[in-house]
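Coordinate analysis (summary)
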Amino acid sequence: MSEPILRVENLVKYFPVRTGILVKRTIGHVKAVDGVSFDLMPGETLGVVGESGCGKSTLAQVLMRLEEPTSGLATFEGRDIFALRGSGLRKLRREIQIVLQDPYTSLNPRMTVGDIVGEPFEIHTEVAPKGSRAAKVRELLDVVGLNPEHINRYPHQFSGGQRQRIGIARALALRPKVIICDEPVSALDVSIQAQVMNLLGELQKEFGLSYVFIAHDLSVVRHLSTRVAVMYLGKIVEMGTEEEIYEHPSHPYTQALLSAVPVADPALRGQRQVIRLEGDVPSPLDPPSGCRFRTRCWKAQDICAEQEPELITRAGGHLSACHFAEEKTVVP
Ligand SMILES: Nc1ncnc2c1ncn2[C@@H]1O[C@H](COP(=O)(O)OP(=O)(O)OP(=O)(O)O)[C@@H](O)[C@H]1O
Ligand SMILES: [Mg+2]
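Residues numbered from 1 in each chain as written. Chains lettered and ligands numbered in written order. Predicted model: local features only at pLDDT ≥ 70, side-chain atom pairs only at ≥ 80, totals over all residues. Heavy atoms only, no water.

**A few points about the overall build of the protein**
A tally of regular secondary structure across the protein gives eleven helices and twelve strands. A compact globule built from 332 residues would reach a C-alpha radius of gyration of about 20 Å, and the protein, at 21 Å, matches this within 12%. A principal-axis box enclosing the C-alpha atoms of the protein has dimensions of 65 × 60 × 45 Å. Counting the 332 residues in the protein, one finds 48% classified as buried. Long-range contacts, defined here as pairs at least 24 residues apart, represent 62% of the contacts in the protein between residues at least 6 apart. About 16,700 Å² of surface is accessible on the protein, with carbon and sulfur atoms providing 50% of the total. A gap of 6 Å separates the mean positions of the 38 positive and 40 negative side-chain charges of the protein. (Helix = DSSP H or I, 4+ residues; strand = E, 2+ residues; numbered from the N terminus. Rg over C-alpha atoms; globule rule 2.2 N^0.38 Å. Buried < 20%, exposed > 50% of the residue type's maximum accessible area, 1.4 Å probe, protein only. Contact = heavy atoms within 4.5 Å. Areas by Shrake-Rupley, 256 points an atom, 1.4 Å probe, with all protein chains shown as cover. Lys, Arg positive; Asp, Glu negative; His and termini not counted. Charge placed at Lys NZ, Arg CZ, Asp CG, Glu CD.)

The following block contains the structure:
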């Protein structure tokens, strides 16, 4: 077995909430990420799914060293991400890239496409000497399916899907090993979403990339994901192979998310139980005691308020944090 390229252990990120005009007092913490662990294997895609506010982007920001963690450990190819400084951190910034959700606000409107895609070379001059940059940028535009002749155009001259391709070209510029995709297709039309997803799949094969693929909808990540982690209020509540999560979900939250995924086959549509989640996600400032999902869960009993369920291996071999999930069947 090969080693994970990215390993995350018990990662925590709390944002202090302060009040007062002259003297600031901390009155609480937003528990955005609250003890997340996972491994990412080389060449694999880990889908990370959950409703708005459950901490997906914060997780991405901390792994990119754009936010400092409150506690926990993360390693990239065995190197401690949070201990990196200077040249080590610069190297990490080449090897892990991020693609963001909104192709309308994440590209500088006053820069040409060539300057946007080539900007990483300004910082990492060792990757492309000045004379070779334009050729490299053209090559990148071609790789993501854009016309290299459009190198001098501005972002507003492109459609949403094309802009996201610009963002992807930029992320590829430094030949990264891992790309964190933070809802890269959520702002796009459904027909365009499929094209961008296909592109990401092709690039993954061509360049041997590993992806952490964030989405709020389980249907988006299915075809690209090797494994899926379902997050709720800062925690992973279920994680397993694509097949386990979609065919045998064991956590009520995953079951509810899946029941919201449209079914193409009309014969199957009638059979499926529709689960409507009541109410909103509780505040991450003051999450419910015990199981955080219990306030919206139809299976909840007294134990759920008293004891936090552990994320442990269940039937089928995947992880689930629910007092009422089926236990792993022990093969003698
Ligand atoms: N810089 C910050 N300061 C304070 N609170 C923050 C900060 N960034 C995020 N949060 C809070 O942390 C929680 C998690 O936010 P985050 O953006 O990670 O969620 P998300 O899962 O990415 O949601 P979405 O699907 O809407 O993108 C939210 O309650 C959010 O308000
Ligand atoms: Mg987000």
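**Some points on the confidence of the model for the protein**
When pLDDT is averaged along the protein, the result is 91, and 95% of the positions lie at 70 or above. Within the protein, helix α10 (residues 266-271) has the poorest average pLDDT of any element, 63, and strand β4 (residues 71-76) the best, 98. (pLDDT = per-residue confidence, 0-100.)

**Thoughts on the packing of aromatic side chains**
Per the stated rule, a full pass over the model turns up three aromatic pairs. Seen in terms of ring centroids, Y232 and F293 are 5.1 Å apart; in terms of plane orientation they differ by 85 degrees. Their pairing is edge-to-face. Separated by 61 residues along the polypeptide, Y232 in strand β9 (residues 227-232) and F293 in the loop between α10 and α11 (302-306) bring together distant segments of the chain. Here the aromatic cluster, defined as three or more aromatic residues joined through ring pairs, consists of Y232, Y253 and F293. (Phe/Tyr/Trp six-rings, centres within 6.5 Å; stacked < 30°, edge-to-face > 60°.)

**Some points on the pattern of salt bridges**
In total, this model carries 20 salt bridges according to the counting rule given. For K177, the salt bridge identified is with E77, shortest N-O distance 3.0 Å. One end of the pair, K177, is in the loop between α5 (160-172) and β7 (178-182); the other, E77, is in the loop between β4 and β5 (79-80), with 100 residues separating them in the sequence. The exposure class assigned to K177 is partly exposed, which follows from its relative accessible area of 32%. One salt bridge connects R133 with E122, and the closest N-O pair in it is separated by 3.3 Å. Of this pair, R133 sits in helix α4 (residues 133-143) while E122 sits in helix α3 (residues 113-123), and the two are eleven residues apart along the sequence. (Salt bridge = Lys/Arg side-chain N within 4 Å of Asp/Glu carboxyl O.)

**Some remarks on the packing of α3 against α5**
α5 packs onto α3 with a crossing angle of 30 degrees between their chain directions and a minimal axis gap of 7 Å. When the interaxial angle is binned, α3 and α5 end up roughly parallel. For the pair α3 and α5, the crossing hand works out as right-handed. Contact with α3, carried on its side by V113, I116, V117, E119 and P120, involves I166, A169 and R170 of α5 and no other residues of that element. Taken together, the residues of the contact of α3 with α5 sort by class into six nonpolar, no polar and two charged. (Axes fitted to C-alpha atoms, helices over the stretch in contact; angles between N-to-C directions. Parallel < 35°, antiparallel > 145°, perpendicular 65-115°, else oblique. Left-handed = near helix turned anticlockwise from the far one by under 90°. Nonpolar A, V, L, I, M, F, W, Y, C, P; charged D, E, K, R; others polar.)

**Some details on the state of the cysteines**
Taken as a whole, this structure holds zero disulfides when the rule is applied. A disulfide-free cysteine, C297 has its sulfur positioned 6.0 Å from the sulfur of C322, the nearest such atom. (Disulfide = S-S within 2.5 Å.)

**Side note on the site of ligand 1**
Neighbouring ligand 1 are 13 residues, the closest being S52, G53, K56, S57 and T58. A distance of 2.8 Å separates an oxygen atom of ligand 1 from a polar backbone atom of G53. One nitrogen or oxygen atom from the side chain of E183 is found 3.2 Å from an oxygen atom belonging to ligand 1. If ligand 1 stood free it would expose 640 Å²; the protein chains cover 62% of that surface. Mapped onto the shell around ligand 1, the elements with two or more residues apiece are β2 (25-40) and α1 (56-63). For the shell around ligand 1, the class distribution of residues is five nonpolar, five polar and three charged. (Near = heavy atom within 4 Å. Polar contact = N/O pair within 3.5 Å; in protein donor to acceptor, adjacent residues only side chain to side chain.)

**Remarks on the sheet that holds β2**
Strand order in this open sheet of four strands is β2-β1-β4-β5, and the pairing throughout is antiparallel. Each end of this open sheet is capped by a strand with a single partner; those strands are β2 and β5. Taken together, the five bridges between strand β1 (residues 6-19) and β4 define a ladder with antiparallel strand orientation. Residue pairing across strands places L6 opposite F76, the latter belonging to β4. Its contacts with the sheet put α1 on β1, β2 and β4, and the angle it makes with β1 is roughly 110 degrees. (Pairing = 2+ DSSP bridges.)

**Brief notes about the pairing of β4**
Where β4 meets β5, two bridges bridge the pair, whose relative direction is antiparallel. Considered in β5, the bridge of T75 is made with D80. The turn linking β4 back onto β5 is made up of two residues, and E77 within it adopts a positive phi angle of 45 degrees.

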